[in-house]
Amino acid sequence: MPAALPELDHAWHLLSQQRFAEAAQQAAAILRRFPDNVSALACHAMAFWKADGDIAVSLAEIQRAVALAPAEASIRHNLATLYASAGDVEGAAAQFEAALAIKPDDTLAFYGLTQNRRFAAETDLVRAMVALDADPGLDQTRREFLNFALAKVYDDLEIPDRAMAYAMAANRLGARPFDLGAEGRALDQLRDLAALGAFRRARDSGHPSTAPLFIVGMPRSGTTLVEAILARHPDVFALGESSLMAELEYVGFSRIANSRRDGGRHEMMLGLDRDWLRANAETWLSYVTTRARRPFRVVTDKLPENAVRLGLIRRFFPHARVVHVRRHPLDTGVSNFFQRFSAGQGFSTRLDWIGARTRQVADSMAIWKAALDLPILDVRYEKLVSDPEAEARRLVAFAGLDWTEACLRPEQDGRSVLTASQWQVRQPINTHSLGRWRRYEPWLGPMIEAMGGRAWIDAEAAGA
C-alpha cells in the first residue's frame, strides 16, 4: 500500500461534501495506479453508490477491501451500510458487530448496529456503551453517535426518561443551523401570492409528461413506505429521495435574482420563462430515464421537503401528481427528534423547531391545495398501516395504474434505499410506531406550543 496520498484525502473530502461523482472519479484514478489500496476501494465504492451507481459493484469493491484489510473496523462500517441499503439488515448488523469486536469503543459501529436491530434487553454491550458515555475524553462526533444510539436502545426498551435524556444530549451535540425566520417569510409570501390568484394565472410551461409523481410531507411521516409500495409495481420507477428539484430551484432562483433582487422563493418561481422551464424539465426526465434503465409509466420522487416547492413543480410538470403523506404531528415530531440525519433537516435538533416546521409544511400544503390545479392525494399513515390493502389500492389507482398484489409487500423491494428509514422499510407493514409520542408527552411542551397548541394537533391528527 502506498504512503499517504493527498489525492486520496481529496477524494474523501469530496465524498464528505456530497460531491459523489467527483469523488468516484478521483478514487477510480487512484485505483488505476494502486488497485489494492483499501481506502481508495472504500471511497470509490461509497461514492459510486451515492452517485446512483450499481450497488452490486460497490458491494463487490467493499467486500474486496474487507478481504484485504479484515481488521479495519471502518471498512466493515462501509460494508454494513451497503448491506443495509440493499435490504440485508442481518448482514449489516453482523458487520457492525464485527467492527465492534475489532474496536469495542467504536461508537459509530454501535450506532449502525442500533439502526439495524431492535433491542429487547439491556445487554452487556449496551451497559459498556453507557459507561463509555461517561468518558470525558470522548470526542464530540463519537459522543453524538453514541447518544443517538443509546436513545434508540432505550426507546426500543420503552424507558422514556432515559431515551429522551440521550436524545436531548445527542441533538445538542449534533445541532445544525436552520433559518426558521426565512422559511416563515417564504410561507407568508406564498399565502399572499395565493390570495392574489398568482399561481392559477401562471401560464402552462415545462413538460406535458404525466409520469412524475411527487411524494411530499414531513420527514418521518411515512413517505418512504408510500414510495416502497408504489415501487413494487412493474410500471413504476422509484427515484428515491432526489435533490433534483431543490437544485433546479436554486438554479432558477439564481437566474432570476441576477436581474431582480427583491423577490422571494415563490415570486421568483413565477418569473421563470417557459423555454428555461421546458428545457430543464426535459433534462430531469432524461436523467430519470437514464437511471431507470427500463420502461416506466410513473416515476416517483420522494423528497419530503418538496412540499414547499409544489408551485415550481407545477410549472415544470403541469400534469404531475402529488401524494401528501400525513401522520400524527407528535409521532412525526418525536421520530424526527430521535433520528440522526446525515445532512440537512437542521430543524430536527430542537423540539420547538420541529413543531414550527411541522406547522409550516402543513400550512403550505393547505395553501397549495387551494391555489394549484395539481391532483393531490392525502394519505394518512395511520390508515396505511392499519388497512394497507385499501390504502395501497388508492395509491395505485391515483397513479393511474392497474392493481398488483406485489404492492402489499413493500419489504420485498430490492432497491437500494438511502434514506433514514432503511431498517423500517425492510419490515412488513405494521402498526408498531402508532402513538409512540404518548411515552414522551411530558417533554413535548415546546413542540406542542410551536405547532399552535393541542387544538390544531388534534384537528391535524384527525385529518381536518
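Residues numbered from 1 in each chain as written. Predicted model: local features only at pLDDT ≥ 70, side-chain atom pairs only at ≥ 80, totals over all residues. Heavy atoms only, no water.

### Focus: the overall build of the protein chain
Applicable threshold: Only DSSP runs of H or I reaching four residues or more are called helices, and only runs of E reaching two or more are called strands; each is numbered from the N terminus. C-alpha atoms define the radius of gyration in this analysis, and the globule rule sets the expected value at 2.2 Å times the number of residues to the power 0.38. Per-residue accessibility, obtained with a 1.4 Å probe over protein chains only, is compared with the maximum for each type, and a residue is labelled buried under 20%, exposed over 50%, and partly exposed between these values. Contacts are residue-level and defined by heavy atoms, with any inter-residue pair within 4.5 Å sufficient. His is not counted here, nor are the chain ends, while Lys and Arg score as positive and Asp and Glu score as negative. Where a charge lies is defined by one atom per residue type: Lys uses NZ, Arg uses CZ, Asp uses CG and Glu uses CD.
In terms of regular secondary structure, the protein chain is built from 24 helices and five strands. Taken over C-alpha atoms, the radius of gyration comes to 23 Å for the protein chain, in line with the 23 Å a tight globule of 464 residues would show. The principal-axis extents of the C-alpha atoms in the protein chain amount to approximately 65 × 55 × 50 Å. Buried positions account for 55% of the 464 residues belonging to the protein chain. Of the contacts made within the protein chain by residues no fewer than 6 positions apart, 74% connect residues no fewer than 24 positions apart. In the protein chain, 56 side chains carry a positive charge and 57 a negative one; their mean positions are 3 Å apart.

### Things to note about the packing of helix α9 (residues 140-156) against helix α10 (residues 160-173)
Test applied: Comment: axis = line fitted to C-alpha atoms, over the contacting stretch for helices; angle = value between 0 and 180 degrees taken between N-to-C directions. Should an angle fall under 35 degrees it is taken as roughly parallel, and over 145 as roughly antiparallel, whereas 65 to 115 is taken as roughly perpendicular and any remaining angle as oblique. By definition, turning the near helix anticlockwise from the far helix through less than a right angle yields a left-handed crossing, and turning it clockwise yields a right-handed one. Nonpolar residues are Ala, Val, Leu, Ile, Met, Phe, Trp, Tyr, Cys and Pro. Charged residues are Asp, Glu, Lys and Arg, and all others, Gly as well, are polar.
Closest axis-to-axis distance for the α9/α10 pair is 8 Å, and the angle between their directions is 155 degrees. In terms of orientation, α9 and α10 fall into the roughly antiparallel class. Like other packed secondary-structure pairs, α9 and α10 cross with a definite hand, here left-handed. Contacts between α9 and α10 involve Gln140, Arg143, Glu144, Asn147, Phe148, Leu150, Ala151, Tyr154 and Asp155 from the first element and Arg162, Ala163, Tyr166, Ala167, Ala169, Ala170, Asn171 and Leu173 from the second. Each residue belonging to the contact of α9 with α10 can be placed in one class, and the counts come to 10 nonpolar, three polar and four charged.

### Side note on the side chain of Arg321
Stated formally: In the sections that follow, a salt bridge refers to a side-chain nitrogen of Lys or Arg positioned within 4 Å of a carboxyl oxygen of Asp or Glu. Counted as a polar contact is a pair of N or O atoms within 3.5 Å, where, for protein atoms, one must be capable of donating a hydrogen and the other of accepting one, and residues adjacent in sequence contribute only when both atoms are in side chains.
In this fold, Arg321 is placed in strand β4 (residues 321-326). Buried and unpaired, Arg321 has Asp402 as its nearest opposite-charge partner, separated by 11 Å. A distance of 3.1 Å separates a polar side-chain atom of Arg321 from the backbone oxygen of Thr210. Discounting chain neighbours no more than four positions away, the residues touching Arg321 are Thr210, Pro212, Leu213, Phe214, Pro375, Phe398, Ala399 and Gly400.

### Quick look at the nonpolar core
Cut-off, in case you're wondering: Only buried residues count toward a nonpolar core. Its members are Ala, Val, Leu, Ile, Met, Phe, Trp, Tyr and Cys residues joined through side-chain atoms within 4.5 Å.
Counting residues in each nonpolar core, the largest one holds 120 residues, and the members touching the most others are Phe110, Met245, Trp284, Phe316, Phe317 and Leu444. Setting aside chain neighbours within four positions, we find Phe110 in contact with Leu100, Phe119, Leu125, Val126, Met129, Leu146, Ala149, Leu150 and Val153. Of all hydrophobic cores here, the second largest spans 22 residues; its members include Val226, Val298, Leu384 and Phe398.

### Describing the sheet that holds strand β1 (residues 212-217)
Spelled out, the test is: For two strands to pair, DSSP has to find at least two bridges joining them.
Taken in spatial order, the five strands make up an open sheet running β2-β3-β1-β4-β5, and their pairing is parallel. Each edge of the sheet is formed by a strand with only one pairing partner; in this case those strands are β2 (236-238) and β5 (376-380). If you compare each strand with its neighbour and ignore which way they point, the axes differ by 25 degrees on average. As defined by bridge partners, β4 adjoins β5 across five bridges and the pair is classed as parallel.

### A closer look at the pairing of β1
β1 sits mainly inside the fold: six of its six residues count as buried. Side chains of β1 alternate between two faces, with Pro212, Phe214 and Val216 and Leu213, Ile215 and Gly217 buried alike. Where β1 lies against strand β3 (residues 298-301), three bridges are found, and the strand directions are parallel. Residue pairing in the sheet places Phe214 in a bridge with Asp301 of β3. One ladder, built from five bridges, connects β1 with β4; its direction is parallel. When the bridges of β4 are listed, Leu213 appears paired with Arg321.

### Things to note about the side chain of Arg309
If you trace the backbone, Arg309 turns up in the loop between β3 and α17 (310-316). Engagement of the side chain of Arg309 in a polar contact is seen with the side chain of Glu249, the distance being 3.0 Å.

### Re the environment of Phe119
On the secondary structure map, Phe119 appears in the loop between α7 (107-115) and α8 (124-133). With 33 residues separating them in the primary sequence, Phe119 and Lys152 have C-alpha atoms 8.7 Å apart. Excluding residues within four positions of it along the chain, Phe119 makes contact with Phe110, Leu113, Thr114, Val126, Val153, Asp156 and Leu157.

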